[in-house]
Amino acid sequence: MNSDDYGKKRILFIMSSLAGGGAERVTANLVNALCEKYEVSLITLFEHRDAYELDSRVQRFHYPEFYVNTPRLRRKFLKAAGHLPRLLWARNIKNKLKPDVTVSMLYLPNFINALTDSGDFRIMSERADPTWMGKNYYNAGKFAYGRADHTVFQSRRVQRMFADKVQAKSSIILNPVKVDCLASAQKSRKIVTAGRLEDQKNHKLLIRAFSSFHRHHPGYHLYIFGEGSLKSELLRTVKNLGMQDSVSILDFAPDLHEQIRDAEMFVLSSDFEGLSNALLEAMMMGIPCISTNCAGSDEVIENMKNGIIVPVGDEHRLAEAMSTIADDPVMGEAFAKAGREVSERFRAETVIRQWIDLIERNI
């Protein structure tokens, strides 16, 4: 190993940022847990406000600070060169630190990790569904994971997309989830979802399906919690369907779990996911869940046993699934109970322990 036998072993994380997100939350939790025992450093590549607090013992390297402190004339070159300066900067830091283990998540951090071998054990993690991300994304993943010492996937479906030699040096670790409260025993006629207001989440599909469902269940209200570029377009869809009194699009809130705890069901309408945190949180809370058949969902929901899975993009089946739960509260409660039992697999403490075990096996 690189570290002195009498000193602490060194672990380096490479991330795009610590802005809000599942991969970022995993990283912050891991970094804070590991700094009790190891020398932990974190490289972040882009300028974003941190959504997660780090232990003061973590050594932080932030590319935007390097950029700002570079002479002005040189900054023009750095800006024109795209990601190459980030790669060279990260490689320089890695060569100086000589970490024993380097952990990266997401597209660019994984690519940089693949190109900066300093004798460390390199762990990379795929957080999306490559079939929806385009050929360039998939090819970059094949390149990176082919050079990784270990790859962490979130679902078996995505793991199977890569070569046998990648799968042989990989594991599946779900997202770590914590919830602030459990579902209320008293339900409102409320259907909820949460996610960025972008094409991937296909909230238009949900709004249209809810409109069909609402014709036979007029007492229900759909709440969409999220922010993003499609908010105005989604509001127009609501208006065009005449659903202004029955559909609300609300910003994310710190007390989101409290706001949805009386929901009768949670619906994920995404075209694709790596693994939806919002879905896992709803299951852990004990809210009956419906999801499109996107990566990860079909590995935590067993159809008609602890939730309902419907085909991606199928408006009619989505409306039918909402009717199934609305018309049979006993079934909904059975889904909720079974979902909570499954949620032990992605309880934060369980998942963080799996990551720590993986890292410690290779130090």
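Structure first, text after, so check above.
Residues numbered from 1 in each chain as written. Predicted model: local features only at pLDDT ≥ 70, side-chain atom pairs only at ≥ 80, totals over all residues. Heavy atoms only, no water.

1. Some thoughts on the overall build of the chain
A tally of regular secondary structure across the chain gives 17 helices and 13 strands. Taken over C-alpha atoms, the radius of gyration comes to 22 Å for the chain, in line with the 21 Å a tight globule of 363 residues would show. Seen through its principal axes, the chain has C-alpha atoms that stretch 65 × 45 × 40 Å. Split into buried and exposed, the 363 residues of the chain put 54% on the buried side. Taking the contacts inside the chain whose residues are at least 6 apart along the sequence as the reference set, 66% of them involve residues at least 24 apart. Charged side chains in the chain number 49 positive and 45 negative. The centres of these two groups are separated by 7 Å. (Helix = DSSP H or I, 4+ residues; strand = E, 2+ residues; numbered from the N terminus. Rg over C-alpha atoms; globule rule 2.2 N^0.38 Å. Buried < 20%, exposed > 50% of the residue type's maximum accessible area, 1.4 Å probe, protein only. Contact = heavy atoms within 4.5 Å. Lys, Arg positive; Asp, Glu negative; His and termini not counted. Charge placed at Lys NZ, Arg CZ, Asp CG, Glu CD.)

2. Brief notes about unusual backbone geometry
One non-glycine residue with positive phi stands out, namely Leu106, at about 85°. Summarising the element assignment, Leu106 is placed in the loop between β4 (101-105) and α5 (107-114). Accessibility expressed as a relative area gives 23% for Leu106, which makes it partly exposed. Even without being a glycine, Asn202 presents a positive backbone phi close to 50°.

3. A few points about the nonpolar core
In this structure, Phe13, Ile123, Phe266, Phe346 and Trp355 are the most contacted members of the largest nonpolar core, which totals 55 residues. The biggest single contributor to this core is helix α13 (residues 277-285), with seven residues. Dropping the residues within four chain positions of it, Ile123 is found in contact with Val101, Thr102, Val103, Ser104, Asn113, His150, Val152, Trp355, Leu358 and Ile359. One finds Leu197, Ile207, Ala209 and Ala326 within the second-largest nonpolar core, a separate group that totals 29 residues. (Core = buried A, V, L, I, M, F, W, Y, C linked by side-chain atoms within 4.5 Å.)

4. Some remarks on helix α10 (residues 203-216)
Residue pairs three or four apart in sequence face the same way in an α-helix, which turns once every 3.6 residues. The terminal C-alpha atoms of α10 lie 21 Å apart, and with 14 residues this matches the ideal 20 Å at 1.5 Å per residue to within 8%. Every buried residue belonging to α10 is among His203, Leu205, Leu206, Ile207, Ala209, Phe210, Ser211, Phe213 and His214, and all of these are buried. In this structure, the buried residues of α10 make contact with β8 (190-194), β9 (221-225), α11 (231-240), β10 (247-250), β11 (265-268) and α15 (315-327). (Expected span 1.5 Å × (residues − 1).)

5. Looking at the packing of α5 against helix α7 (residues 135-147)
Between α5 and α7, the shortest axis-to-axis distance is 9 Å and the interhelical angle comes to 40°. The pairing of α5 with α7 is recorded here as oblique in orientation. For the crossing formed where α5 meets α7, the hand is left-handed. Note on element contacts: α7 touches α5 through Tyr137, Ala140, Phe143, Ala144, Tyr145 and Arg147, opposite Tyr107, Asn110, Phe111 and Ala114. (Axes fitted to C-alpha atoms, helices over the stretch in contact; angles between N-to-C directions. Parallel < 35°, antiparallel > 145°, perpendicular 65-115°, else oblique. Left-handed = near helix turned anticlockwise from the far one by under 90°.)

6. What about the sheet that holds strand β1 (residues 10-15)?
Across the sheet, seven strands lie side by side as β3-β2-β1-β4-β5-β6-β7; this open sheet has parallel pairing. Two strands close off the open sheet at either side, each with one partner strand: β3 (59-62) and β7 (170-172). Neighbour to neighbour, the strand axes of the sheet diverge by 20° on average, direction disregarded. Of the pairings in the sheet, the one linking strand β5 (residues 121-125) to strand β6 (residues 150-153) comprises three bridges and is parallel in character. Looking at β6, one finds that Ile123 is bridged to His150. Along the sheet, α7 contacts β5 and β6; its crossing angle with β5, the most-contacted strand, is approximately 150°. (Pairing = 2+ DSSP bridges.)

7. Notes on the packing of aromatic side chains
Where two aromatic rings form a pair, the distance of their centres and the angle of their planes describe that pair. Throughout the structure, instances matching the rule amount to twelve aromatic pairs. Centre to centre, the rings of Trp132 and Phe272 are 5.3 Å apart; their planes meet at 15°, and the pair counts as stacked. Here Phe272 lies in the loop between β11 and α13 and Trp132 lies in helix α6 (residues 130-133), a separation of 140 residues in the sequence. Assessed through its relative accessible area of 44%, Trp132 is described here as partly exposed. Seen from their ring centres, Phe213 and Tyr220 are 5.2 Å apart, and the 75° between their planes marks the pair as edge-to-face. Here the aromatic residues Tyr138, Tyr145, Phe153 and Phe162 are joined through ring pairs into a cluster of three or more. Over the face of the ring belonging to Tyr223 we find Lys190, whose NZ or CZ atom lies 5.3 Å from the ring centre. (Phe/Tyr/Trp six-rings, centres within 6.5 Å; stacked < 30°, edge-to-face > 60°. Lys NZ or Arg CZ within 6 Å of the ring centre and 35° of its normal.)

8. Details of the environment of Ala19
Following the sequence through the fold, Ala19 ends up in the loop between β1 and α1 (22-34). Residue classification places Ala19 among the buried residues on the basis of a relative accessible area of 18%. Residues Ala19 and Arg49, spaced 30 residues apart in sequence, show a C-alpha to C-alpha distance of 6.0 Å. In this structure Ala19 touches Glu24, His48, Arg49, Ala51 and Tyr52, once residues within four positions along its chain are discounted.

9. A few points about the sheet that holds β11
Within the open sheet, the six strands sit side by side as β10-β9-β8-β11-β12-β13. Their pairing is parallel. Only two strands of the sheet have a single neighbouring strand rather than two, namely β10 and β13 (308-310). Pairwise comparison of adjacent strand axes, ignoring direction, gives a mean angle of 20° for this sheet. Across four bridges, β9 lies against β10 in parallel orientation. For Phe225, the partnering residue across the bridge sits in β10 and is Leu250.

Note that all results are geometric; they support no functional claim without further evidence.
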